[in-house]
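Each chain is listed here by its residues.
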Amino acid sequence: MSILKIVTYPNPVLAKKAKAVAKVIPEIKKLIKDMLETMYKAPGVGLAAPQVGRSIRLIVIDIGEGPIALINPKVTAKHGEQTLVEGCLSLPGIEAPVKRASNVTVTGLNEKGKKVNYDAEGLLATVFQHEIDHLDGIVCIDRVADPSLIKHVVFDKEPKEERI
Ligand code: NI
């Protein structure tokens with residue numbers, strides 16, 4: 001396994017719509033392992049392939065309940081509303097409150113190429129939406145209606161476990 005370089009805003013790969021993964025080949029399985037290792041090391045609770053310079057539809061997440069890898073993820077249902085303060089591994093030193101659905105159903109393929117579903121709420125729901133946004137070229141500050149709510153923080157002095 002290896003630690004990958006996390007690209008930061010405004011790298012153009014973060015603004016691109018990522019391509020679907022056609023087949024879960026060994027290279028994708030290796031990328032999943034490397035992305036998880038990179039996410040844990042950062043540390044963060046979610047990472048999307050464009051954040052490591054790969055414009056493909058793949059995300060990894062672990063909010064402390066075990067690793068999730070999802071290929072070609074899609075939100076199939078959502079309801080409710082919540083606003084959580086988000087930090088992003090590709091936007092170091094930035095935090096912003098982002099309004100998203102509080103409950104989402106997400107479907108995709110796991111690392112074995114098998115179709116899986118997740119019903120997520122709270123932090124996990126936000127992390128899924130944040131990561132899937134990365135696949136569509138959207139970063140969290142794009143979703144902040146009032147730019148005065150974007151805060152500049154020194155991450156080294158903040159708890160880092162919720163960067164996504
Ligand atoms: Ni992010």
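So, a few notes on the structure that sits alongside this text. The structure presented is a predicted model; accordingly, all values stated were derived computationally and were not measured.

What follows covers the overall build of the protein chain. Check the secondary structure of the protein chain and you find 2 helices and 8 strands. The N-to-C order of helical and strand elements in the protein chain reads α-β-β-β-β-β-β-β-α-β. For a compact globule of 164 residues, the expected C-alpha radius of gyration is about 15 Å, and the protein chain comes in at 15 Å, within 12% of that figure. Expressed as lengths along the three principal axes of its C-alpha atoms, the size of the protein chain is roughly 45 × 35 × 30 Å. Taken over 164 residues, the protein chain has a buried fraction of 49%. Summed over all atoms, the accessible surface of the protein chain reaches about 8400 Å², with 54% contributed by carbon and sulfur.

Our next topic: the sheet that holds strand β5 (residues 94-100). Read across the sheet, 3 strands follow the order β4-β5-β8 without closing on themselves; strand pairing throughout is antiparallel. Strand pairing shows two members of the sheet lacking a second neighbour, β4 (82-87) and β8 (151-152), which therefore form its edges. Here β5 pairs with β8 via 2 bridges, running antiparallel. Looking at the pairing, glutamate 95 lines up with lysine 151 of β8. Contacting β4 and β5, helix α2 (residues 122-135) crosses the sheet at an angle of about 60° to β4.

The pairing of strand β6 (residues 103-109) with strand β7 (residues 115-121) spans 7 bridges and is classified as antiparallel. Each residue of the ladder has a partner; that of threonine 105, found in β7, is aspartate 119. Counting the residues between successive antiparallel strands, the hairpin from β6 to β7 contains 5 residues, one of them, glycine 113, with a positive phi of roughly 85°.

This next bit is on the nonpolar core. The tendency in soluble globular proteins is for nonpolar side chains to be buried as a group. Core analysis: the biggest nonpolar cluster contains 19 residues, and Ile59, Ile61, Val104 and Phe128 have the highest contact counts within it. Every element with two or more residues in this core is listed here: β2 (58-61), β3 (68-79), β6, β7 and α2. Sort the elements by how many residues they give to this core and α2 lands first, with 6 residues. Not counting residues up to four positions away in its chain, the partners in contact with isoleucine 61 are Met39, Val45, Gly46, Gly66, Pro67, Ile68, Leu124, Val127, Phe128 and Glu131. Ile28, Leu47, Leu58 and Leu89 belong to the second-largest nonpolar core, a separate cluster that totals 17 residues.

This part takes up the sheet that holds β2. The strand order across the open sheet built from 5 strands is β1-β2-β3-β6-β7, with neighbouring strands paired in antiparallel fashion. The open sheet has two edge strands, β1 (46-48) and β7, and neither has a second partner. In this sheet, neighbouring strand axes are inclined to one another by 40° on average, regardless of whether the strands run parallel or antiparallel. Of the pairings in the sheet, the one linking β2 to β3 comprises 4 bridges and is antiparallel in character. Directly across from leucine 58, in β3, lies its bridge partner isoleucine 71.

About the criteria used
- Residues numbered from 1 in each chain as written.
- Predicted model: local features only at pLDDT ≥ 70, side-chain atom pairs only at ≥ 80, totals over all residues.
- Heavy atoms only, no water.
- Helix = DSSP H or I, 4+ residues; strand = E, 2+ residues; numbered from the N terminus.
- Rg over C-alpha atoms; globule rule 2.2 N^0.38 Å.
- Buried < 20%, exposed > 50% of the residue type's maximum accessible area, 1.4 Å probe, protein only.
- Areas by Shrake-Rupley, 256 points an atom, 1.4 Å probe, with all protein chains shown as cover.
- Pairing = 2+ DSSP bridges.
- Contact = heavy atoms within 4.5 Å.
- Axes fitted to C-alpha atoms, helices over the stretch in contact; angles between N-to-C directions.
- Core = buried A, V, L, I, M, F, W, Y, C linked by side-chain atoms within 4.5 Å.

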